[in-house]
Amino acid sequence: MATAAVRELAAVGEFGPDDDVAAILTGSGYKYGATEVEGLSVREVDRADVPDAVRDIVS
C-alpha cells in the first residue's frame, strides 16, 4: 500500500524527483513488488537504522 501511494502521489505531482520521501514498509516486503520507479532512487535501511536515515533526509 505504501509504495502504491508513493507512486500515485508522484504521478499527480505532490513531489518531484528532487524531493526526499520516506515510506516506512512494516511488512515482509513480499507484497510490495519492485521498488524501482523511473526517476526515483530507493534506499533500503535496516529497522535499527531508520532514525538515522530519516535524520539524514530532514537535515
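Residues numbered from 1 in each chain as written. Predicted model: local features only at pLDDT ≥ 70, side-chain atom pairs only at ≥ 80, totals over all residues. Heavy atoms only, no water.

Once that is clear, we can look at the overall build of the protein. On a plain count of helices and strands, the protein comes out with two helices and zero strands. Here the protein displays about 5100 Å² of accessible surface, and carbon together with sulfur accounts for 51% of that area. (Helix = DSSP H or I, 4+ residues; strand = E, 2+ residues; numbered from the N terminus. Areas by Shrake-Rupley, 256 points an atom, 1.4 Å probe, with all protein chains shown as cover.)

Mapped onto the secondary structure, valine 45 falls in the loop between helix H1 (2-11) and helix H2 (50-58). A relative accessible area of 37% places valine 45 in the partly exposed class. Filtering out sequence-adjacent residues up to four positions away, valine 45 remains in contact with Val50 and Ala53. (Buried < 20%, exposed > 50% of the residue type's maximum accessible area, 1.4 Å probe, protein only. Contact = heavy atoms within 4.5 Å.)

Once that is clear, we can look at a nonpolar patch on the surface. Judged by side-chain polarity, Ile24, Val54 and Val58 come together as a nonpolar surface patch covering roughly 280 Å² of accessible area. Note on placement: valine 58 falls in helix H2. Judged by its relative accessible area of 67%, valine 58 falls in the exposed class. (Patch = residues over 30% accessible without salt bridge, like charges linked within 9 Å, V, L, I, M, F, W, Y side chains within 5 Å. Salt bridge = Lys/Arg side-chain N within 4 Å of Asp/Glu carboxyl O.)

The tally for this structure, following the rule as stated, stands at one salt bridge. Here arginine 55 and aspartate 52 are joined by a salt bridge, their closest N and O atoms 2.5 Å apart. Of this pair, arginine 55 and aspartate 52 both sit in helix H2, three residues apart, which is roughly one turn of the helix. Exposure remark for arginine 55: the relative accessible area of 47% places this residue in the partly exposed category.

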